[in-house]
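So you can see what is in the structure, the chains are spelled out below.
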2 protein chains.
Amino acid sequence: MSNSKVTGDSKPRVVIVGAGFGGLNAARALAREPVRVTVIDRKNHHTFQPLLYQVATAGLSPGEIAAPIRSILSGHKNVEVLLADVTGFDLDHRVVQTAEAEIPYDYLVVAAGASHAYFGHDEWQPLAPGLKTIEDALEIRRRVLLAFELAERQVATGEPGPPLNFVIVGAGATGIELAGTLAEISRHALAHDFRAIDPARTHIFLLEGGPRVLPAYPEDLSVSAQKQLHRLGVEVHTSTMVTRVEPGAVHFRAADSRDMRLEAAVVLWAAGVAASPLGKKLGVPADRAGRVPVQPDLSLAGHTEVFVIGDLAAVKDGQGKMLPGVAPVAMQQGRFVAKLIGQEIKSQAAPPSSRSLREGGNPRPAVRPTFHYWDKGSLATIGRAAAVAQFGKIHISGFVAWLAWLFIHILFLIGFRNRVLVFIQWAWSYVTYERGARLITGSTYLPGWTAANPPTDEPSSPELNAQEIHAAAPK
Amino acid sequence: MSNSKVTGDSKPRVVIVGAGFGGLNAARALAREPVRVTVIDRKNHHTFQPLLYQVATAGLSPGEIAAPIRSILSGHKNVEVLLADVTGFDLDHRVVQTAEAEIPYDYLVVAAGASHAYFGHDEWQPLAPGLKTIEDALEIRRRVLLAFELAERQVATGEPGPPLNFVIVGAGATGIELAGTLAEISRHALAHDFRAIDPARTHIFLLEGGPRVLPAYPEDLSVSAQKQLHRLGVEVHTSTMVTRVEPGAVHFRAADSRDMRLEAAVVLWAAGVAASPLGKKLGVPADRAGRVPVQPDLSLAGHTEVFVIGDLAAVKDGQGKMLPGVAPVAMQQGRFVAKLIGQEIKSQAAPPSSRSLREGGNPRPAVRPTFHYWDKGSLATIGRAAAVAQFGKIHISGFVAWLAWLFIHILFLIGFRNRVLVFIQWAWSYVTYERGARLITGSTYLPGWTAANPPTDEPSSPELNAQEIHAAAPK
């Protein structure tokens, strides 16, 4: 059998699928336990997702917010890293299936994360990229910078350029980060370099289906965030449902129920989240967002040796409210299951061999601890010195919240080297308004952008310019 | 006419095609002259090509060696930048043709640079990428890192991994930089992180068609470079002609005329150079490498208002030897034509309008200066503290040459911010042996690499392992 070499190890083997915040924290905590750990991911790098929007808006380079998984874990002798695409699980035989090999486990931690949801309209994806991976961020950066370049070219060669509208769909944390940062760079960093474009023709629209921005935050912080966005020049439209995305335009139903069409040089998607399709391969019915329901100890019903953590897990807090898909939840869950696995293995007089574990039924104690999320607070940044933060009952906004955000995010950036460099970059661009990573790589094609931007074949919904849209927005 | 807005300017217009070292230096020098300058490039960024190999080998991020052209030139009010693909020229009507518009000029500077040549075998290109652009560097980085990841996966899942051979074709400056750096990272940076791979199974081959490495350098420096490469573990094969590249292998005729086949996880191309195809659109017969012959003043025969500079121009020095395609030549040529254009325009009592220049025949003086290249020396780096340098009659090798190389390259990096950050990166990785930019982005496909690496359908040429190859190499 091809896995003989691997299963020859006498220590119980824990396989972790996914090296996001959940998987990585589980691996690090397990490194201290008498187990052999295998981390499988289809990327070679861990991505610090909270700063992805900085790559998308040309403030940071990919290498500054992502680090090779094996380099993060290289200090731990009992942890190995495999680059592979997990295709499924055989829970009865306790193996993880990949295209190349089957990886056996004694314990399995599935931390495969989440991706975008287009509400059943996957065809919008190429027109409105979301922001989950380094590749996504580079694609968004390419489109944003290209829109400015193409507009500059049109004006410089005497053609009337189309309105330079950037539309962001969804006003959660990612949506407001993108909107705020785009507003800043179009006003400062880029306005200086582009001579022909009239900065007044650049508009940033933030469309949110719900009644307020940052729906997961307390209402006073939503109000504050919306004010800060307005100050940056972002045109916020709440209670606004996107009904269609086409090359060069977005259709939506506005708060007053009018159907509108908005020309858009770039459309970015920050609205829906769908859990990894791997969730469906675990044999239990997932919820609407594809998340897997778990027991209070985060294990899968009927499989005490399988845990699901992070964005993929549907976990409720003490009040019955679903835990949000944020890094601290995944990190705490990763450490929780690592500790639980370690304790179980150590509680047995002699460490069980892989074989005895695999064949000897269920060696775990009947009563396991329950996972409790310790909410240390939430932070969302809007732009330069603009943010909102909640620490328990304390709600803060503006510069102080931004400083807290900056401090916490740089502190948690994995790898010391990155931390120092990112801090230098940040200090530099704060002082100079410069964006250091403004490279367009890849093709110079932008969907819906042609020399004359011809009208679409369906002129049914009213065409609006920025002023009209603004007037139609809820007050 | 759509260009009316543009040609309405009364100052003579200089159009520069290409924002490499030549074009950028011409633009900067022209910024002080009474002209209007338009720089056209199909990328939005200038690439500092001498450090591209550092991006390819994961030492630097793209943003650290490339900067937006319009940001480099943003201080010059009379210089505009256009992102556009030049498709041709109408020399009679003095316009540059792009897909979107025609750009009229009074003076034209063509600095479109060079790309790779595969000696008539363009089908090798996807199998053996070259190193001229940021995209090339990212593709090479992807392949190199992926080769290690896939080998690790094979060993970890119990399969016998293929030999991990990296083959670099061509031992000019780029070839030895790639070979030396790959040898270092496979021995230090990566060996630490990959547990399953046996470092002894990693081999770096450098294949050179000519009799010695660095053919453009004095012979003693070639000898020194080859010694330094050996010390790093690179297996150098001179007088070795590549006859075929296929997925997963390279065929070549060795120095002893034997035909050989070498398995290769990654093949990199650093052999031939072909001038930009735009050279052929200038209406004069190009040389074998596609370079355009020019007059002593770098102008095109019959068109005193058109200049060709940089890698695209075929220019001989006083001894009749062709000038090399290196940055200092292009930079000096750019400044030379800028000064010449400036003087001609100022020497006319009143600055000529665009119209009078375009219609009034040839207003230039009959005698123009001749371009002379001032050779300040050449430098090539091989690895950590390994390099060769020539300054006139002074030839140096090793650590001192490397320090000179480091100092000069960081000094010339365009943009102060990059310079500081690159220096910090360099210091950091010198001390720690770490490679900071080890991200694999894009697909995880590697040509010729399958789970079992099956033998090819043509086992005609003898298969060699690393030892045999080494034995067959010229002493």
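Below you will find a few notes about this structure. As the structure is a computational prediction, the values presented were derived from the model and not from experiment.

Concerning the interface of chain A and chain B
Next up, step 1: At the interface, 60 residues of chain A touch 60 residues of chain B.
Next up, step 2: Remark: the boundary between chain A and chain B carries 6 salt bridges.
Next up, step 3: The partner of R70 of chain A in a salt bridge is E149 of chain B, and the shortest N-O contact between them spans 2.8 Å.
Next up, step 4: On inspection of chain A and its partner chain B, the count reaches 11 residue pairs in polar contact (both at pLDDT 80 or more).
Next up, step 5: Taken together, the elements giving at least two residues each to the side of chain A that touches chain B come down to α1 (4–7), α4 (62–65), β4 (66–68), α5 (69–72), β5 (79–83), α6 (134–156), α8 (189–193) and α13 (416–432) of chain A.
Next up, step 6: Looking at the side of chain A that touches chain B, the element that brings in the most residues is α6 of chain A, giving 10 residues.
Next up, step 7: Class assignment for the residues of the side of chain A that touches chain B results in 26 nonpolar, 17 polar and 17 charged.

Comments concerning the packing of helix α2 (residues 21–30) of chain B against helix α10 (residues 327–347) of chain B
Residue and element names in this part refer to chain B.
Next up, step 1: α10 packs onto α2 with a crossing angle of 30 degrees between their chain directions and a minimal axis gap of 7 Å. Note on packing geometry: the crossing formed by α2 with α10 is right-handed. Facing F21, G22, N25, A26, A29 and L30 of α2, the residues of α10 in contact are A327, A330, M331, G334, R335, V337, A338 and I341.
Next up, step 2: Residue composition of the contact of α2 with α10, by class: 10 nonpolar, 3 polar and 1 charged.

Notes on the sheet that holds strand β11 (residues 164–169) of chain B
Residue and element names in this part refer to chain B.
Next up, step 1: Spatial strand order, β13-β12-β11-β17: 4 strands in an open sheet with parallel pairing. Whereas interior strands pair on both sides, the edge strands pair on one side only; in this sheet they are β13 (234–237) and β17 (266–269). Put simply, the sheet's adjacent strands are angled 20 degrees from each other on average, direction ignored.
Next up, step 2: The pairing of β11 with β17 spans 4 bridges and is parallel. Counted as the bridge partner of V169 is W269 from β17.

Structural notes on the relation of the copies chain A and chain B
Next up, step 1: Once chain A is rotated about the relating axis by 180 degrees and shifted along it by 0.0 Å, it coincides with chain B to within an RMSD of 0.0 Å. Within this description, the copies of the chain are treated as partners about a two-fold rotation axis. Closest approach to the rotation axis among the C-alpha atoms of chain A is made by S61 of chain A, whose C-alpha sits 3.4 Å away.
Next up, step 2: Take the interface residues of chain A: 100% of them recur as interface residues in chain B, which is what a same-surface contact looks like.

Observations concerning the pattern of salt bridges
Residues and elements named next belong to chain A.
Next up, step 1: In the structure shown here, the tally under the stated rule is 34 salt bridges over all chains.
Next up, step 2: A salt bridge links E139 to R142, with the shortest nitrogen-to-oxygen separation between them at 3.1 Å. Of this pair, E139 and R142 both sit in helix α6, 3 residues apart, which is roughly one turn of that helix.
Next up, step 3: The class of E139 is partly exposed, set by a relative accessible area of 23%.
Next up, step 4: When its relative accessible area of 7% is taken as the criterion, R142 is described as buried.

What about a nonpolar patch on the surface?
Next up, step 1: Together, F407, L411 and F412 of chain A make up a nonpolar patch on the protein surface, roughly 320 Å² of accessible area in all.
Next up, step 2: Checked against the element boundaries, L411 of chain A lands in helix α12 (residues 399–412).

Observations concerning unusual backbone geometry
Next up, step 1: A positive phi angle, close to 70 degrees, is found at S257 of chain A, a residue other than glycine.
Next up, step 2: Structurally, the position occupied by S257 of chain A is in the loop between β15 (249–253) and β16 (259–263).

Thresholds applied
In this numbering scheme, every chain counts its residues from 1 along its sequence in written order. To label them, take the chains in the order written and letter them from A, then take the ligands in the order written and number them from 1. Local features are withheld for residues below a pLDDT of 70 in this predicted model, meaning they are given only at 70 or higher, and side-chain atom pairs are given and counted only at 80 or more; totals for whole chains, interfaces and linings count all residues. The side-chain numbers reported here are obtained from all heavy atoms of the structure, hydrogens and water having been left aside. Contacts: residue pairs with any heavy atoms within 4.5 Å of one another. The working definition used for a salt bridge is a side-chain nitrogen of Lys or Arg within 4 Å of a carboxyl oxygen of Asp or Glu. As used in this structure description, the phrase polar contact means that two N or O atoms lie within 3.5 Å; if the pair is within protein, one of them must be able to donate a hydrogen and the other to accept it, and residues adjacent in sequence are counted only when both atoms belong to side chains. The helix and strand labels rest on DSSP assignments: H or I over at least four residues marks a helix, E over at least two residues marks a strand, and numbering proceeds from the N terminus. Each residue gets one of three labels, nonpolar for Ala, Val, Leu, Ile, Met, Phe, Trp, Tyr, Cys and Pro, charged for Asp, Glu, Lys and Arg, and polar for the others, Gly among them. Every axis corresponds to a line fitted to the C-alpha atoms, with the helix fit spanning only the stretch in contact, and the corresponding angles, defined between N-to-C directions, vary from 0 to 180 degrees. Take the far helix as your reference; a near helix turned counterclockwise from it by less than a right angle gives a left-handed crossing, and one turned clockwise gives a right-handed crossing. Only strands that DSSP links by at least two bridges are regarded as paired with each other. Copy-to-copy superposition: least squares on the C-alpha atoms, limited to residues that have pLDDT of at least 70 in both copies. Remark: exposure states derive from per-residue accessible area (1.4 Å probe, protein chains only) relative to the maximum for the residue type, with buried under 20%, exposed over 50%, and partly exposed in between. Patch definition: residues with relative accessible area over 30% and no salt bridge; like charges joined within 9 Å; nonpolar side chains (Val, Leu, Ile, Met, Phe, Trp, Tyr) joined within 5 Å. For the area figures, the Shrake-Rupley method with a 1.4 Å probe applies, and any residue is considered shielded solely by the protein chains shown.

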